[in-house]
Amino acid sequence: VNGILEVFRVEKIQQDGENRLKKTIVDRFNAYRGVSCCIDAAPDVSIVSSVQAELPYDAVHGVFFVRGKGKSALTIFELDEGKGVMKVARTRAFDACVEAFNAGKIKLPAGSPHEEEIKKHLQAVKRIVNTDATGEEVHTWLSSTTEDHWALALLYLFLATKLAEESQKIYIAPASSLLVSRVKMKTAA
């Protein structure tokens, strides 16, 4: 609403032998009348494929981070519509997501049972600048721990929101809720 992404619910979904992850994603998408869904597609695309089979065409995209030559022309993401794939320039996407978050344009719900864990995960990611063999600066986002799942979940939500904004078929009703106070994410080494 008005350029603000207000997250009103966070939850952990565990995969099990009954494919609960897929069922829950589909249930939440339908219950909240989702428009766009981005799911980590690496290294296993099976969840992406199974969710795509249950939801409207072009609503679900598997996210692959791209590197190397050819990505310089890529803004934040590029869609391969026929395959349901979103190719993402990881550093640019994290840059945009963190900029929006630190500017207060992404608000998380206060009082979540996961609040402290979310803060810890968001603070674990850091933007690093290195120099490659040719002397060029190379920027990347790294985590100081393997506990960064909420940071990646926020990135996927950010990407889904950007995709929905581009499609111009989304309306989000204003919500009133208590929100987590700002947690600055590190942007320099």
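Structural data are supplied above this passage.
We now turn to the structure provided with this report. Since the structure is predicted, the reported quantities are computational estimates derived from the model, not experimental observations.

**Some remarks on the nonpolar core**
Item 1. Counting residues in each nonpolar core, the largest one holds 31 residues, and the members touching the most others are M86, I106 and L159.
Item 2. It is helix α5 (residues 149–167) that contributes the most residues to this core, 10 residues altogether.
Item 3. Grouped together as the second largest cluster of nonpolar side chains are 13 residues, I25, F29, A41 and L55 included.

**Brief notes about the pattern of salt bridges**
Item 1. Applying the stated criterion to the full structure yields 9 salt bridges.
Item 2. A salt bridge links R28 to E11; the nearest nitrogen and oxygen atoms lie 2.5 Å apart. You can see R28 sitting in helix α1 (residues 20–31) and its partner E11 sitting in the loop between β1 (5–6) and α1, a full 17 residues away along the chain.
Item 3. The salt bridge involving E116 is made with K119; its shortest N-O contact spans 3.7 Å. Of this pair, E116 and K119 both sit in helix α4 (residues 115–124), 3 residues apart, which is roughly one turn of that helix.
Item 4. Under the relative-accessibility criterion, E116 is labelled exposed at 57%.
Item 5. Look at the salt bridges and you will find they share partners, linking R9, E11 and R28 into a network.

**Here's the deal with α1**
Item 1. Taking 1.5 Å of rise per residue, 12 residues should cover 16 Å, and α1 covers 16 Å from first to last C-alpha, within 8% of that figure.
Item 2. Listed in full, the buried residues belonging to α1 are L21, K22, T24, I25, V26 and F29.
Item 3. The secondary structure elements touched by the buried residues of α1 are β2 (37–40) and α2 (46–54).
Item 4. R33 sits one or two positions beyond α1 and adopts a positive phi of about 55 degrees.

**Here's the deal with the packing of α4 against α5**
What describes two packed helices is the angle between their axes and the distance between those same axes.
Item 1. Relative to each other, α4 and α5 sit at 85 degrees, their axes nearing to 7 Å. Comparing the axis directions of α4 and α5 gives the class roughly perpendicular. Contact residues: E117, I118, H121 and L122 in α4; H149, W150, A151 and L154 in α5.
Item 2. Across the contact of α4 with α5, the residue classes tally to 5 nonpolar, 2 polar and 1 charged.

**Thoughts on the environment of N130**
Item 1. Here N130 is to be found in strand β7 (residues 125–131).
Item 2. When the C-alpha atoms of N130 and T140 are compared, they prove to be 8.3 Å apart, with 10 residues separating the residues in sequence.
Item 3. Excluding residues that lie within four positions of it along the chain, N130 makes contacts with E136, E137 and V138.

**Considerations on the sheet that holds strand β3 (residues 60–66)**
Item 1. Ordered in space as β2-β3-β5-β4, the 4 strands form an open sheet in which the pairing is mixed. The outermost strands of the open sheet, each flanked by one partner alone, are β2 and β4 (77–80). Here the strands of the sheet are splayed against their neighbours by 35 degrees on average, with no regard to which way each runs.
Item 2. Each of β2 and β3 is contacted by α2, which is oriented at about 155 degrees to β3, the strand it contacts most.

Calculation notes
Residues numbered from 1 in each chain as written. Predicted model: local features only at pLDDT ≥ 70, side-chain atom pairs only at ≥ 80, totals over all residues. Heavy atoms only, no water. Core = buried A, V, L, I, M, F, W, Y, C linked by side-chain atoms within 4.5 Å. Buried < 20%, exposed > 50% of the residue type's maximum accessible area, 1.4 Å probe, protein only. Helix = DSSP H or I, 4+ residues; strand = E, 2+ residues; numbered from the N terminus. Salt bridge = Lys/Arg side-chain N within 4 Å of Asp/Glu carboxyl O. Expected span 1.5 Å × (residues − 1). Contact = heavy atoms within 4.5 Å. Axes fitted to C-alpha atoms, helices over the stretch in contact; angles between N-to-C directions. Parallel < 35°, antiparallel > 145°, perpendicular 65-115°, else oblique. Nonpolar A, V, L, I, M, F, W, Y, C, P; charged D, E, K, R; others polar. Pairing = 2+ DSSP bridges.

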